[in-house]
Amino acid sequence: MDFGLSEEQEMIVNTVRAFVETEIYPHENEVERSGIVPVELGDEIRRKCINLGFYACNFPEEVGGAGLDHVTFTLVERELGRGSLGLTVFFGRPSGILMACEGEQRERYLLPAVRGEKIDALAITEPDAGSDMRGMKCAARRDGGDFVLNGTKHFISHADVADFVIVFAATGEEETPKGIKKKITAFLVDRGTPGFEILKGYDSVSHRGYHNSTLSFADCRIPEAQVLGEVHRGFDIANQWLYGTRLTVAATCVGRARRVFDLALPYAAERKQFDRPIGANQGVSFKLADMITEIDAADWLTLAAAWQVDAGRPADRQIASAKLYASEMLARVTDEAIQIFGGMGLMDDLPLARFWRDARVERIWDGTSEIQRHIISRDLLRPLGA
């Protein structure tokens, strides 16, 4: 097993890190203060990313993407994790689920998303259906050649800047070994479709500038041509592509933790109390040792999961482990960094309080820590008949 990066991967890592430091860092404080990313700034970041050749780098070359393998794309996400999510969202990585587009859908949704002409958002979560996707109440019924969609979605990330939304809705029921479950279908729904409204979501302590929205559907008529994949097979499509979002969460947590560590380490070496650097005290130096050990462990766990996917091997457990460990690691590392800085760590002069708040949501979205533990334990016990 080769633990080194190729020359191309090193170049990609250095390029993305430089982009984040020069194009993202300078705007973070204002976005954190206002909670808003000006439209012009978002468009500028997107344009520069397109010019750099990194837009939709998670898509294959045959549709206009960069065709990066999962390990290399995970390295990209790790570097983007160093920056404010409200800004790096414009360093476009459209939903991989769009590869399920067929026929006219490719020209209308997939290719414009890859070119950076349209932004998509993924709508699964509902007020009464989070981890239990099959419990969703948002439903679509057939009416001639159309579907009529009714219901509500919430916590929908960056829907406020999206041109279209990939909506999952119940379209029937089926008998399963665990009882009656809803059949799920995915739909492509354009902003401005009659009966579809994008509403302001909740104010969050995490990732200011990266907004969540509430989506309302009231007799929203959708042509069957806008079904993504097959009718009643939306659950399969979601499961096929969600692993990518969980790898992204793991990778961005690692990147954010490394940025936090890069602040704490020199501070511990330079800050003096009782006539010597605070890093000379085991109470601080041991914290640093634990922090870097956990960061490195999360990093390798994440890259190993991505490597498993590239090798074509089952990787559900490995991805769940990476997402679980990296997200919980980030919480510990940001908390310890604040402890090292003392009172200054909680002041707005430093970004540590922001990282600390941002870290909290990582254990919830894209599958809670409890869901990841369920995936891991199920993978371990099923072969034994338990």
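Okay, so let's go over this structure.

Reading guide: rules and limits
- Residues numbered from 1 in each chain as written.
- Predicted model: local features only at pLDDT ≥ 70, side-chain atom pairs only at ≥ 80, totals over all residues.
- Heavy atoms only, no water.
- Patch = residues over 30% accessible without salt bridge, like charges linked within 9 Å, V, L, I, M, F, W, Y side chains within 5 Å.
- Areas by Shrake-Rupley, 256 points an atom, 1.4 Å probe, with all protein chains shown as cover.
- Salt bridge = Lys/Arg side-chain N within 4 Å of Asp/Glu carboxyl O.
- Helix = DSSP H or I, 4+ residues; strand = E, 2+ residues; numbered from the N terminus.
- Buried < 20%, exposed > 50% of the residue type's maximum accessible area, 1.4 Å probe, protein only.
- Axes fitted to C-alpha atoms, helices over the stretch in contact; angles between N-to-C directions.
- Parallel < 35°, antiparallel > 145°, perpendicular 65-115°, else oblique.
- Left-handed = near helix turned anticlockwise from the far one by under 90°.
- Contact = heavy atoms within 4.5 Å.
- Nonpolar A, V, L, I, M, F, W, Y, C, P; charged D, E, K, R; others polar.
- Pairing = 2+ DSSP bridges.
- Core = buried A, V, L, I, M, F, W, Y, C linked by side-chain atoms within 4.5 Å.
- 1 Å grid on protein atoms, 1.4 Å probe; cavity = no way out; pocket = protein on both sides within 12 Å on 5 of 7 lines; lining within 4 Å.
- Points joined across faces, edges and corners; volume = space filled by probe spheres on them.
- Expected span 1.5 Å × (residues − 1).

Attention shifts here to a nonpolar patch on the surface. Taken together, Met344, Leu346, Met347 and Trp356 make up a surface patch of nonpolar side chains, about 380 Å² in accessible area. Note that methionine 344 resides in the loop between helix 8 (316-341) and helix 9 (352-361). With relative accessibility at 39%, the residue methionine 344 sits in the partly exposed group.

At their nearest, the axes of helix 6 (residues 234-270) and helix 7 (residues 282-310) sit 10 Å apart, and the two run at 155° to each other. By the angle class used here, helix 6 and helix 7 are roughly antiparallel. Taken as a pair, helix 6 and helix 7 cross one another with a handedness that is left-handed. Taking contact as the criterion, the partners of Tyr243, Leu247, Ala250, Ala251, Val254, Ala257, Arg258, Phe261, Ala264, Leu265 and Ala268 in helix 6 are, on helix 7, Val284, Leu288, Met291, Ile292, Ile295, Asp296, Ala298, Asp299, Thr302, Ala305, Ala306 and Val309. Across the contact of helix 6 with helix 7, the residue classes tally to 19 nonpolar, one polar and three charged.

A word on the pairing of strand 5 (residues 179-190). Bridge analysis of strand 4 (residues 164-176) against strand 5 gives twelve bridges, and the strand direction is antiparallel. Its bridge partner lying in strand 5, phenylalanine 164 is registered against aspartate 190. What sits between strand 4 and strand 5 in their antiparallel hairpin is a turn of two residues. Summarising the sheet, strand 5 and strand 8 (residues 227-228) pair through two bridges and their orientation is antiparallel. Within the sheet, the bridge partner assigned to phenylalanine 187 lies in strand 8 and is valine 227.

Attention shifts here to the nonpolar core. Formed by 48 residues in total, the largest nonpolar core has its most connected members in Val76, Leu98 and Phe168. If you list the elements that add at least two residues to this core, you get helix 1 (7-34), helix 2 (39-52), helix 3 (70-80), helix 5 (104-115), strand 4, strand 5 and helix 6. By residue number, the principal contributor to this core is helix 1, which donates six residues. The contact partners of valine 76, leaving out residues within four places of it in the chain, are Ile12, Val16, Cys57, Leu68 and Phe91. Membership of the second largest hydrophobic core comes to 38 residues, among which are Leu247, Val284, Leu330 and Val333.

As a further point, take the layout of surface pockets. When its volume is computed, the second largest pocket comes out at roughly 350 Å³. Forming the boundary of the second largest pocket are 14 residues, of which Asp2, Phe3, Val71, Leu303 and Trp307 lie nearest the centre. When residues of the lining of the second largest pocket are traced back to their parent elements, those giving at least two are helix 3 and helix 7. Class assignment for the residues of the lining of the second largest pocket results in eight nonpolar, three polar and three charged.

Under the 1.5 Å per step criterion, the end-to-end length of helix 8 is 38 Å for 26 residues, consistent within 8% with the ideal 38 Å. Looking one or two residues beyond helix 8, the residue adopting positive phi is glycine 342, at roughly 70°.

Note that asparagine 14 resides in helix 1. It is 31 Å that separates the C-alpha atoms of asparagine 14 and tyrosine 109, two residues lying 95 residues apart in sequence.

So, about the pattern of salt bridges. Here the idea is simple: oppositely charged side chains can pair when their charged atoms come close. Counted by the stated rule, this structure contains 30 salt bridges. One salt bridge connects aspartate 146 with arginine 221, and the closest N-O pair in it is separated by 3.2 Å. In this pair, aspartate 146 is assigned in strand 3 (residues 146-157) and arginine 221 in strand 7 (residues 212-223), connecting sequence segments 75 residues apart. Residue aspartate 296 pairs with arginine 258 through a salt bridge whose shortest N-O separation is 2.8 Å. Of this pair, aspartate 296 sits in helix 7 while arginine 258 is found in helix 6, placing the two residues 38 residues apart along the sequence. Three or more residues joined by partner-sharing salt bridges are found here, namely Arg17, Arg78, Glu79, Arg82, Arg258, Asp262, Asp296 and Asp299.

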